[in-house]
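Chain by chain, the residues run as shown.
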Amino acid sequence: MVVEDVTTDTEVLVVGGGPGGYVAAIRAAQHGRDVTLVEKDAYGGTCLNYGCIPSKAYVSAADVAHRAATGEAMGIHADPAVDLAAMADWKDGVVTRLTRGVESLCKHAGVTLVDGEATFTGEHTARIVHADDDAGTETIEFENAVLATGSQPVELPGFEFDAENVLSSKHALALDAVPDSLLVVGAGYIGMELSTVFQKLGSDVTVLEMLDAPLPGYEDDVTTIVHERAEDLGVDFHFGLGAEEWRPAGEGVRVVAADADGNEEKFDATKALVAVGRTPYTENLGLEELGVEPDDDGFLATDSVARTNVEHVYAVGDVAGEPMLAHTAMREGAVAADVIAGEPSALDHQAFPAAVFTDPEIGTVGMTAADAEDAGFDPVVGQVPLRGNGRALTLDEKEGFVRIVADDESGFILGGQIVAPEASELIAEIGLAIEMGATLEDVAGTIHTHPTLSEAVHEAALAARGEAIHAPN
């Protein structure tokens, strides 16, 4: 039996159940608003289901296999066997637990969850096609809307994803066997993370990148360490080459790439993974009916409270543009919900952290020294190498550093860059320092547990003051 179209109403309609969407929904419900959250795929969005969480699960698993196989210096001799199907089952269990947790949190907060696809039909109406064919359609009238539809992988012309020969990151994380060889197109953060993972799991990985170095946007001394470590693992890099086309070759693929002068090279692999960026997802959303105007790149421009050009419509997360980070989406979702509820709130953060889960990890927040100088500061830099940190050496990790950038006159901390194990965790201390207006003296005067990696943050603050104890000043 097919249910005919019905009309319901809600105060806040949230479209998309990823990090930005579900946070906006829960926060709005906490403010006492009637909230409806529509999700067409899986709660938690790309991050929990196909991106952040599954990729980090594989990063952790690959590290276990690699460290066991290369632990001779520690007196460990092992030859681990990788069962990718079993690993995928474990990863899927982690994902399921988290996505069910999102559903439970939403329901506990009083959010109405609707499984289906939303298309706006007017400034205050949306039509929902329910995921269950027998549930029919529904028209929802709303007072405010939050668009949190996320992003999707960019497809290169001629490299359309088929999940068999040409993979997106989502497809790569769903493989049930480690490919003998993998050609990765793109050396951004997704390409570098997955290249490292599959090399450690047993693939022969080749990376093609149009630029002359990996991880564009990061400083050279940051990327050099990660690049060299990947090469030590066996990843084969080719820079200055753009993928032109691919064709079947035996049981795999042959990719033709060319440099700026048109000179071609051919690369054979079992599978090709294309990781050249992400683009906002607004397909079939009915933005023109809603009155929201995307910019030239398809993103939805927003102001300091996540509001679009339409007064009662907000956009959060990847669909609103850079920085396309899950934690940024969460903050934007919370601010949008606060503003809808009439609470004072704004995206007034001083800095947002970013992390790349390579080997070693990269963590950054705030300004580089060059950024600080451009902004009119007289920067002072404190940097200490990881090889002077006792905990790093007990982890058999000596390549990397911790750097703090501060204003020389006031001592206020402006930024930090870390290349180290657990850099994604360590960077939080520097981020907190920036947000609270802490100085070098504040961090230098804070006792850090010994032996820990966090001592390197303490030492970097001391070094910026010319007072380092465990590193030359």
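Owing to the predicted nature of the structure, the values given are computational and were not obtained by experimental measurement. (Residues numbered from 1 in each chain as written. Predicted model: local features only at pLDDT ≥ 70, side-chain atom pairs only at ≥ 80, totals over all residues. Heavy atoms only, no water.)

The subject of this paragraph is the sheet that holds strand β14 (residues 271–274). Sheet strands line up and pair through hydrogen bonds in the backbone, either parallel or antiparallel. Strand order in the open sheet formed by five strands is β7-β14-β8-β9-β10, with parallel pairing between adjacent strands. Looking at which strands have only one partner, the edges of the open sheet turn out to be β7 (166–167) and β10 (236–239). One ladder, built from two bridges, connects β7 with β14; its direction is parallel. Of the residues in β14, the one forming a bridge with L167 is L273. Lying on the sheet, helix α6 (residues 189–201) is in contact with β8 (181–185), β9 (204–209), β10 and β14; it crosses β9 at an angle near 165 degrees. (Pairing = 2+ DSSP bridges. Helix = DSSP H or I, 4+ residues; strand = E, 2+ residues; numbered from the N terminus. Contact = heavy atoms within 4.5 Å. Axes fitted to C-alpha atoms, helices over the stretch in contact; angles between N-to-C directions.)

This part takes up the layout of surface pockets. The volume enclosed by the second largest pocket comes to roughly 810 Å³. Lining the second largest pocket are 29 residues, with R67, K200, R229, D359 and E397 sitting closest to its centre. Looking at the lining of the second largest pocket, the elements with two or more residues in it are α3 (52–69), α7 (220–233) and α12 (423–435). With six residues, the top contributor of residues to the lining of the second largest pocket is α3. Grouping the amino acids of the lining of the second largest pocket by side-chain chemistry returns nine nonpolar, six polar and 14 charged. (1 Å grid on protein atoms, 1.4 Å probe; cavity = no way out; pocket = protein on both sides within 12 Å on 5 of 7 lines; lining within 4 Å. Points joined across faces, edges and corners; volume = space filled by probe spheres on them. Nonpolar A, V, L, I, M, F, W, Y, C, P; charged D, E, K, R; others polar.)

For the rest of this paragraph, the subject is the pairing of strand β21 (residues 413–420). The buried fraction of β21 amounts to eight of the eight residues, a majority that puts the element mostly inside the structure. Direction of pairing for strand β18 (residues 361–366) relative to β21: antiparallel, over a ladder of six bridges. Considered in β21, the bridge of G363 is made with I418. Hairpin connection of strand β20 (residues 401–407) to β21: five residues between the antiparallel strands, including G411 at a positive phi of 85 degrees. (Buried < 20%, exposed > 50% of the residue type's maximum accessible area, 1.4 Å probe, protein only.)

What follows is about the nonpolar core. By size, the foremost hydrophobic cluster in this structure holds 35 residues, and its most contacted members are Y58, M192, V197, F198, V205, V207 and L273. Of all the secondary structure elements, the ones that give two or more residues to this core are α3, α4 (84–109), β8, α6, β9 and α7. With sequence-adjacent residues up to four places away left out, V205 is seen in contact with L182, V184, S195, F198, Q199, G234, V235 and D236. Listed in part, the 32 residues of the second largest apolar core include I430, I434, A461 and A463. (Core = buried A, V, L, I, M, F, W, Y, C linked by side-chain atoms within 4.5 Å.)

So, about a negative patch on the surface. There is a patch of like negative charges on the surface, built from D371, E373, D374, D378, D408 and E409. Overall, the relative accessible area of 49% leaves D378 in the partly exposed class. (Patch = residues over 30% accessible without salt bridge, like charges linked within 9 Å, V, L, I, M, F, W, Y side chains within 5 Å. Areas by Shrake-Rupley, 256 points an atom, 1.4 Å probe, with all protein chains shown as cover. Salt bridge = Lys/Arg side-chain N within 4 Å of Asp/Glu carboxyl O. Lys, Arg positive; Asp, Glu negative; His and termini not counted. Charge placed at Lys NZ, Arg CZ, Asp CG, Glu CD.)

Once that is clear, we can look at the packing of aromatic side chains. Counted by the stated rule, this structure contains two aromatic pairs. Arranged with centres 5.6 Å apart and planes meeting at 75 degrees, the rings of F120 and F142 form a pair that is edge-to-face. Separated by 22 residues along the polypeptide, F120 in strand β3 (residues 112–122) and F142 in strand β5 (residues 137–147) bring together distant segments of the chain. The class for F142 is buried, based on a relative accessible area of 4%. Directly above the aromatic system of Y50 lies the positively charged group of K170, at a separation of 4.1 Å from the ring centroid. (Phe/Tyr/Trp six-rings, centres within 6.5 Å; stacked < 30°, edge-to-face > 60°. Lys NZ or Arg CZ within 6 Å of the ring centre and 35° of its normal.)

Positionally, A372 belongs in helix α10 (residues 369–374). With relative accessibility at 0%, the residue A372 sits in the buried group. For the pair A372 and A463, spaced 91 residues apart in sequence, the C-alpha to C-alpha distance is 18 Å. Aside from chain neighbours lying at most four places away, what touches A372 is M367, F377, P379, V405 and L414.

Quick look at the pairing of β20 now. Among the seven residues that make up β20, seven are buried, leaving the element largely enclosed by the rest of the structure. Alternating positions in β20 separate into two faces, F401, R403, V405 and D407 on one and V402, I404 and A406 on the other, with burial throughout. With seven bridges joining them, strand β19 (residues 379–385) and β20 adopt antiparallel strand pairing. Looking across to β20, one finds that P385 is bridged to F401. In the sheet, β20 pairs with β21 via six bridges, with the strands oriented antiparallel. What sits directly across from A406, in β21, is I413.

For the rest of this paragraph, the subject is α3. For α3, which comprises 18 residues, the first-to-last C-alpha distance of 26 Å matches the rise-based estimate of 26 Å (1.5 Å per residue) to within 8%. Turning to α3, its buried residues number three or more, namely P54, S55, A57, Y58, V59, A61, A62 and A65. For α3, the secondary structure elements touched by its buried residues are α2 (45–50), α4 and α6. (Expected span 1.5 Å × (residues − 1).)

Our focus in this paragraph is the side chain of S55. Along the chain, the position of S55 falls in helix α3. The exposure class of S55 is buried, given its relative accessible area of 7%. A distance of 2.7 Å separates a polar side-chain atom of S55 from the backbone oxygen of G51. (Polar contact = N/O pair within 3.5 Å; in protein donor to acceptor, adjacent residues only side chain to side chain.)

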